[in-house]
Each structure stands twice: as C-alpha cells, then as structure tokens.
Amino acid sequence: MANFQYTSADLASSIIALLFLTVFLACYLRKTKVIVAYSNIKFSKFIDSARSLKSKRFCPFPLLSFALGQCYLSFQRCEDDAHLIQMRESFNYPRGGQGHVEWITDSLNPSKNFATNLIAFVLPGLRSKPDAPYLRDLFSKLLKRGIRPVLFVPRFNDSELVLPKEGYLDLIDDMHHAVQFVKSKYPEAKLIAIGHSFGANTLVNYLARYNEETNMLAGVSIANPFNLVLSSKFVRGTIIERHLVKGMKEIINGGLDNIMNSCSRYNLSRSDLLKANTIEEIDSEFSCKVFGCKDDEEYYELISSGKRLKDVRVPLLLINAEDDPFISPKGLPRDAHVKNENLLFVRTQKGGHLGWVEGIFKLKRWYIPVVTDFVKWIAEERNIIIM
C-alpha cells in the first residue's frame, strides 16, 4: 500500500483553500438578505402566510451570482413548458394599429376549469418575445396554482411596429384598450396585472392614471426602472446600452416602412434613425418624437412611473434587485410605501435584471413563487375561489 505523507505545503494549501471558501461564503451570505418594506399592517398577513418569503433570503446560483451572470440566466428556461399553449387574439386600437393578447392554456389538462372571475394580466419587458423563458416560467407556475394568465403584446413587442394614425403614441392608453378587450371576453373577471421591466413601468403608470376604475384588484411590478432620467444616464457607455440600442433598432427596423409613412407627422428622419447608435440618439430621433416630447429629457420625465406611485389605489407588490445593471439604484423608490400604504416593496441585493435565479442542480426563479403567493393572497382576501 502506498505511503501518503501530508507535507507542510499541503497543510498550507488546505488552510488557504479553507480561508478562501470561508471568505467566499461570508461575502455570499451577506448579500442574500431580502428587504421587505410596507406601512400598512394588512401586508403583514401576506408576509406571514407566504412560504416564498419565510427565509427572507435569496440565494443566487453561486457561480453566476453577479449581476450580468443573473442577466444571462434570465434567458434560460427553468420550468418544463412543453405543455403550454399560447392562443392569440387581436383587436384594433381606435387611433390605428392592432393590439394582441395571448391566452395561456395547458395541453396536459385542456378541460381544466379556471375561475373566470380572476385573470392574471401579464405585460412583458421591452422587445421580449411572447415565448420568452421568464414569461413561460411564470405562465407554468400560474397555471399550476389554478390561475389563468393572459399576455398583453404591446406595439413594441409585436413583429412589426405600427404607430397611431392620429395623435402621439400612448402606451398607457394602449394597455387600457387591451384591458377592455379582455373584459369584453370575461365581463365578471377581475384582473391582477403583472408587469416586467418596461412593462412594469407602463403598469404603474396605468394604475395611477386609471385609479378610479375597478378592473384591477392588484398589481405586481418586477424590475421596474421607475426613473428613466437616472437610468438612461446610468447605462451610458456600458454593455447594457449596447444591448438596449440593439433592441430598439430591431424594433425600428422591423416597422421601418410603417414608421416612414408617418415621418412627416412625427418629423422623423430615416437617415438619422439608421445612424443612431446610443440610447440618447435613438430617444432624441425617435422616442421623444413619437411620444410628442420636445426632447429626450421631457420624454424620460413623461414615461417615468416612480413619481406616480403615490396615485396607485390598489395593492401593488414591487420587486427590484439593487444590482440591476439596467436600473439606477438611486431611482429606486425605497420610501414610497411611507406615502402610499398600498405599496409593498421587496428588494434583494442580488438578482440582476429579471434574473433572481437560484439553485445548484435544478435552477429556479426565486421571485415567481413570491408573485404567485401574492396573487393567491389577493384572491383569498377578495373571497375568490381558485380552482
């Protein structure tokens, strides 16, 4: 039998490795705490009942716990979604263009009866396709909880961008027509809206503008930028800006012929649009013009939802990561719940943008159970039976 000897060099290497592992674990665990902020005592009932928030910790996949690593994981599928069916229905916007919604069903259980008085109305992030992995993972979890999801496909997420024939672009008005279309199918239904990223920003603006309506029981805002003035400056010169520019140019190029048909009304220049290579240039040459703003600064102020949180009158769950590379941490409304007791703000130190992927051998999205627990709690508070 071989005689193995443990030398002092081996001992030193083991000690160094142990120290490194200890420091890594200490740093890792120090940034897993979840901060939950609210001023209305009613939310304590949800916090106490939500299994997803029991530990008050989010433990990201260790090898990709950094912001860009979590962003990468956001594009990965974590749930078995082969059984999902997305059926599209379209409607006309009064001022021109078509809107779409996609109803989500389960081919494994096509005869399942859903509560027709509760629908999860989902908004995607800017330029996300209807079959984006984070959306499909959410649909799977909602269906498992007996909740019927419907996806709203905004103009920017359609295969071809069509601008209004009259007036300026108004994404909040577009969402209102989508809500009305869903309500026309299920008049007795109440909606709980779930928005992601730019879609979350639109959702909060919608809840503030239409706060007299009773269609929405509650809302969930996930990775909302809140303050586009700060976030547009935050991403300048970064890989994130290049990603956003690529996405916006794909949107513009996809509907370029239609856009050019409106060039005189919006004062658009084809050559300037094609030459734009920064977010500031794209917003100056395109966004601010189609939204009817004199410059990009006015455009950012117009669409930023943070300042409208005070006008939301239904329970609204906000979920954000402090390390989100798309969003300026200075723009996060950390104290908004003090001024509006309808707000419940859940913040993590890690998570990236629409990431929050945890696990080692089986990856899963930490935030989706938080969302489904919230939806279920709202339904129970309103005595809605989920089948």
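Above this text you will find the structure in question.
Residues numbered from 1 in each chain as written. Predicted model: local features only at pLDDT ≥ 70, side-chain atom pairs only at ≥ 80, totals over all residues. Heavy atoms only, no water.

## Quick notes on the environment of Asp 10
Note the cut-off: Numbering goes from the N terminus for both helices and strands, where a helix is a DSSP run of H or I of at least four residues and a strand is a run of E of at least two. A simple rule labels every residue: compare its accessible area, found with a 1.4 Å probe on the protein chains alone, to the largest value its type can have, and call it buried under 20%, exposed over 50%, or partly exposed in between.
As for its position among the elements, Asp 10 is in helix α1 (residues 8–30). Taking the relative accessible area as the measure of exposure, Asp 10 reaches 33% and is therefore partly exposed. Separated by 309 residues in the primary sequence, Asp 10 and Ile 319 have C-alpha atoms spaced 47 Å apart.

## So, unusual backbone geometry
Of all residues except glycine, most have a negative phi; of all peptide bonds, most are trans. Positive phi outside glycine occurs at Leu 354, with the angle close to 60 degrees. Along the chain, Leu 354 falls in the loop between β9 (343–348) and β10 (357–358). The exposure class assigned to Leu 354 is buried, which follows from its relative accessible area of 7%.

## Concerning empty space enclosed by the protein
Here is the rule we go by: Definitions used throughout: a 1 Å grid over protein atoms alone; a cavity as a set of points that fits a 1.4 Å probe which cannot get out; a pocket as an open set with protein on both sides within 12 Å along at least five of seven lines; a lining residue as one with an atom within 4 Å of a point. Grid points are joined across faces, edges and corners, and a volume is the space filled by probe spheres set on the points.
Per the stated rule, a full pass over the model turns up one cavity of 30 Å³ or more. Estimated volume of the largest cavity: approximately 120 Å³. Lining the largest cavity are 14 residues, and of these Pro 154, Asn 157, Leu 171, Phe 198 and Thr 202 sit closest to its centre. Going through the elements one at a time, α5 (171–185) and α6 (198–209) are the ones with two or more residues in the lining of the largest cavity. Considering each element in turn, the lining of the largest cavity owes the most residues, three residues, to α6.

## Re the packing of aromatic side chains
Definition in use: Ring pairs shown here join Phe, Tyr and Trp side chains whose ring centres sit within 6.5 Å, with only the six-membered ring taken for Trp; geometry is labelled stacked below 30 degrees between planes, edge-to-face above 60, and tilted in between.
Enumeration over the complete set of coordinates arrives at 15 aromatic pairs. When the centroid spacing of 6.1 Å and the interplanar angle of 50 degrees are considered together, the rings of Tyr 168 and Tyr 266 count as tilted. Separated by 98 residues along the polypeptide, Tyr 168 in the loop between β5 (148–153) and α5 and Tyr 266 in helix α10 (residues 263–266) bring together distant segments of the chain. Classification of Tyr 266 as buried rests on a relative accessible area of 3%. Three or more aromatic residues joined by ring pairs form one cluster here, namely Tyr 38, Phe 43, Phe 46, Phe 374 and Trp 377.

## Some thoughts on the side chain of Ser 44
Cut-off, in case you're wondering: What qualifies as a polar contact is a pair of N or O atoms within 3.5 Å, subject to a donor-acceptor requirement within protein and to the restriction that residues adjacent in sequence count only when both atoms come from side chains.
Along the chain, the position of Ser 44 falls in helix α2 (residues 42–49). A distance of 2.5 Å separates a polar atom in the side chain of Ser 44 from the backbone oxygen of Ile 41.

## Focus: the sheet that holds strand β1 (residues 34–38)
In plain terms, the rule: For two strands to count as paired, DSSP must find a minimum of two bridges between them. Every axis in this analysis is a line fitted to C-alpha atoms, fitted for helices over the stretch in contact. Angles between the N-to-C directions lie between 0 and 180 degrees.
If you trace the nine strands from one edge of the open sheet to the other, you get β1-β9-β8-β7-β6-β4-β5-β3-β2, paired in mixed fashion. Unpaired on one side and paired on the other, β1 and β2 (84–92) mark the two borders of the sheet. When strand polarity is set aside, the average angle formed by the axes of neighbouring strands in this sheet is 20 degrees. By the bridge criterion, five bridges tie β1 to β9 in an arrangement that is antiparallel. Looking across to β9, one finds that Val 36 is bridged to Val 346.

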